Amino acid sequence: MDRHLPTARRRWLPRRLLSGATVVLLVSALVFAATRVLPGDPARAVLGHEATPDRVAALRAELGLDRPLVAQYLTWLGDLLTGDPGHSLVTREPVAGLIGDRAVNSAVLVLLAAVLVVPLSVLVGAVAGRHRDRPFDRAVLATTLGLTALPEFVIALLLVILLSTTVFPLLPATVLLAPGESPLADPAQLVLPVTALVLGVLPYLSRLVRGSVIDVYESEYVRTARLKGVPEGAVLRRHVLPNALVPAVQGTALALAYLTGGVVVVEQVFNYPGLGSALVDAVQNRDFPVIQSVCLVFAACYVVFNLLGDVATVWVTPRLRTAAR
């Protein structure tokens with residue numbers, strides 16, 4: 001059976017890569033079309049409401065906004081494939097340079113949240129599943145259910161009220177980050193944004209781990225191990241966790257994708273200079289190239305995280321490795 005693994009991997013991985021590239025291409029077309037139906041004229045937004053129709057028409061021609069939509073999309077896509085996402089309609093700066101530092105800032109925020117939420121979710125979910133229907137498990141279910149009902153901006157605002165105002169004024173309510181400055185220069189500023197992201201993902205991932213642990217505890221091989229007199233701690237380490245973490249791998253990929261999208265709201269609340277705040281500013285200014293590029297970055301991250309989750313799931317599951325063909 002092992003001799004088929006290289007062939008299976010050669011067939012499965014290219015298909016996943018092709019499907020991911022197709023998704024990104026479709027997203028690029030949808031985002032491009034969506035920006036064109038936004039109310040307002042970007043040329044008018046750049047020149048102001050007092051600009052004459054002739055000036056607006058001249059700027060539209062200069063920016064290529066008077067061309068057919070298909071021609072505009074193909075030109076943008078061709079430039080994008082060569083590494084040139086275009087120039088901002090508002091600042092006339094290259095989009096790559098405009099969102100480069102902000103992409104790094106968002107990546108720092110997402111990675112810090114992931115480093116905290118993944119092990120914390122595994123720990124909380126494993127303990128809750130191990131002590132099913134006991135006080136700790138009930139407390140976890142109640143807490144995660146309450147957090148699930150709260151949108152990210154509500155969690156962020158509650159954290160500001162609790163930890164940055166007269167209740168417990170311990171942390172800064174907003175992030176004051178100079179252009180080009182590392183977000184790690186003042187770690188205290190990152191505590192609230194990272195905590196908001198962690199609390200947004202923790203309920204989903206911990207409940208997923210809990211459910212997986214409960215399912216494994218009810219399996220035949222765990223019952224057999226107990227009948228053989230294997231200590232409960234050894235059952236947990238040798239049988240339960242290795243098998244329960246397989247669904248958590250895919251869940252972690254989805255959590256990372258969720259974190260990438262969640263930064264839009266969290267960054268806006270805490271004035272964090274990342275891709276999320278850049279997207280909000282670009283929508284307000286009708287800056288089409290920036291909107292398209294940021295949305296495409298989010299879509300690519302989502303596809304990459306899901307692909308990595310699929311690869312990791314296949315790698316840790318022998319049955320899937322033999323079936324991945």
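Residues numbered from 1 in each chain as written. Predicted model: local features only at pLDDT ≥ 70, side-chain atom pairs only at ≥ 80, totals over all residues. Heavy atoms only, no water.

S.K.: What am I meant to see in the overall build of the protein here?
M.R.: In terms of helices and strands, the protein carries 13 helices and 0 strands. Listing each helix as α and each strand as β along the protein from the N terminus yields α-α-α-α-α-α-α-α-α-α-α-α-α. Projected onto its principal axes, the C-alpha coordinates of the protein cover approximately 85 × 60 × 30 Å. Per-residue burial over the protein gives 39% buried out of 325 residues. (Helix = DSSP H or I, 4+ residues; strand = E, 2+ residues; numbered from the N terminus. Buried < 20%, exposed > 50% of the residue type's maximum accessible area, 1.4 Å probe, protein only.)

S.K.: How do you make sense of the nonpolar core when you look at a structure like this?
M.R.: Core analysis: the biggest nonpolar cluster contains 43 residues, and L109, A196, L197, L259, F270, V294 and F298 have the highest contact counts within it. Elements with a minimum of two residues in this core: helix 5 (95-130), helix 7 (152-163), helix 8 (191-217), helix 10 (232-270), helix 11 (275-285) and helix 12 (288-316). The residues touching F270, leaving out its near neighbours within four places in the chain, are A156, V160, A173, T174, V175, L192, P193 and A196. V209, A225, V235 and A248 belong to the second-largest nonpolar core, a separate cluster that totals 11 residues. (Core = buried A, V, L, I, M, F, W, Y, C linked by side-chain atoms within 4.5 Å. Contact = heavy atoms within 4.5 Å.)

S.K.: Which parts of the structure should I look at to understand the pattern of salt bridges?
M.R.: Where side chains of opposite charge bring their charged atoms close, a pairing between them can arise. Using the criterion set out here, one finds 2 salt bridges in the structure. Between D137 and R210 there is a salt bridge, with its nearest N and O atoms 2.6 Å apart. Here R210 lies in helix 8 and D137 lies in helix 6 (residues 135-148), a separation of 73 residues in the sequence. (Salt bridge = Lys/Arg side-chain N within 4 Å of Asp/Glu carboxyl O.)

S.K.: I keep staring at the side chain of R210 and nothing clicks. Help me out?
M.R.: The exposure class of R210 is buried, given its relative accessible area of 15%. Side-chain polar atoms of R210 contact the side chain of D137, separated by 2.6 Å. Setting aside chain neighbours within four positions, we find R210 in contact with G125, A128, G129, R132, D137 and L141. (Polar contact = N/O pair within 3.5 Å; in protein donor to acceptor, adjacent residues only side chain to side chain.)

S.K.: Quick question: what am I supposed to make of a nonpolar patch on the surface here?
M.R.: A cluster of nonpolar residues, L150, L158, I161, L162, V167, F168 and L170, forms a patch on the protein surface that exposes about 630 Å² of accessible area. Given the relative accessible area of 44%, F168 is considered partly exposed. (Patch = residues over 30% accessible without salt bridge, like charges linked within 9 Å, V, L, I, M, F, W, Y side chains within 5 Å. Areas by Shrake-Rupley, 256 points an atom, 1.4 Å probe, with all protein chains shown as cover.)

S.K.: Help me out: how do you make sense of the side chain of R286 in this one?
M.R.: Inspection of the secondary structure assignment puts R286 in the loop between helix 11 and helix 12. A polar atom in the side chain of R286 sits 2.4 Å from the backbone oxygen of V283. Excluding its chain neighbours within four sequence positions, the residues that come into contact with R286 are L38, P39, G40, P42 and L89.

S.K.: Honestly, the packing of helix 8 against helix 10 in this entry has me stumped. Any pointers?
M.R.: The axes of two packed helices give the description: the angle between them and the distance between them. One can describe the packing of helix 8 onto helix 10 by two numbers: an axis separation of 7 Å at closest approach and a directional angle of 150 degrees. Classified by the angle their axes make, helix 8 and helix 10 are roughly antiparallel. By crossing handedness, the relation of helix 8 to helix 10 is classed as right-handed. Class assignment for the residues of the contact of helix 8 with helix 10 results in 25 nonpolar, 7 polar and 1 charged. (Axes fitted to C-alpha atoms, helices over the stretch in contact; angles between N-to-C directions. Parallel < 35°, antiparallel > 145°, perpendicular 65-115°, else oblique. Left-handed = near helix turned anticlockwise from the far one by under 90°. Nonpolar A, V, L, I, M, F, W, Y, C, P; charged D, E, K, R; others polar.)

S.K.: What should I look at first to understand helix 5 in this one?
M.R.: Every α-helix carries 3.6 residues per turn, so stepping three or four residues along brings you back to the same face. Between its terminal C-alpha atoms helix 5 stretches 50 Å, which fits the 52 Å expected from 36 residues at 1.5 Å a residue. Of all bends in helix 5, the biggest is about 25 degrees, found at D101. (Expected span 1.5 Å × (residues − 1). Bend = angle between axes of the 7 residues up to and from the residue.)

S.K.: What's the story with the environment of G20 in this structure? I'm lost.
M.R.: Note that G20 resides in helix 1 (residues 5-36). In this structure the C-alpha to C-alpha distance between G20 and V246, which are 226 residues apart in sequence, comes to 22 Å.

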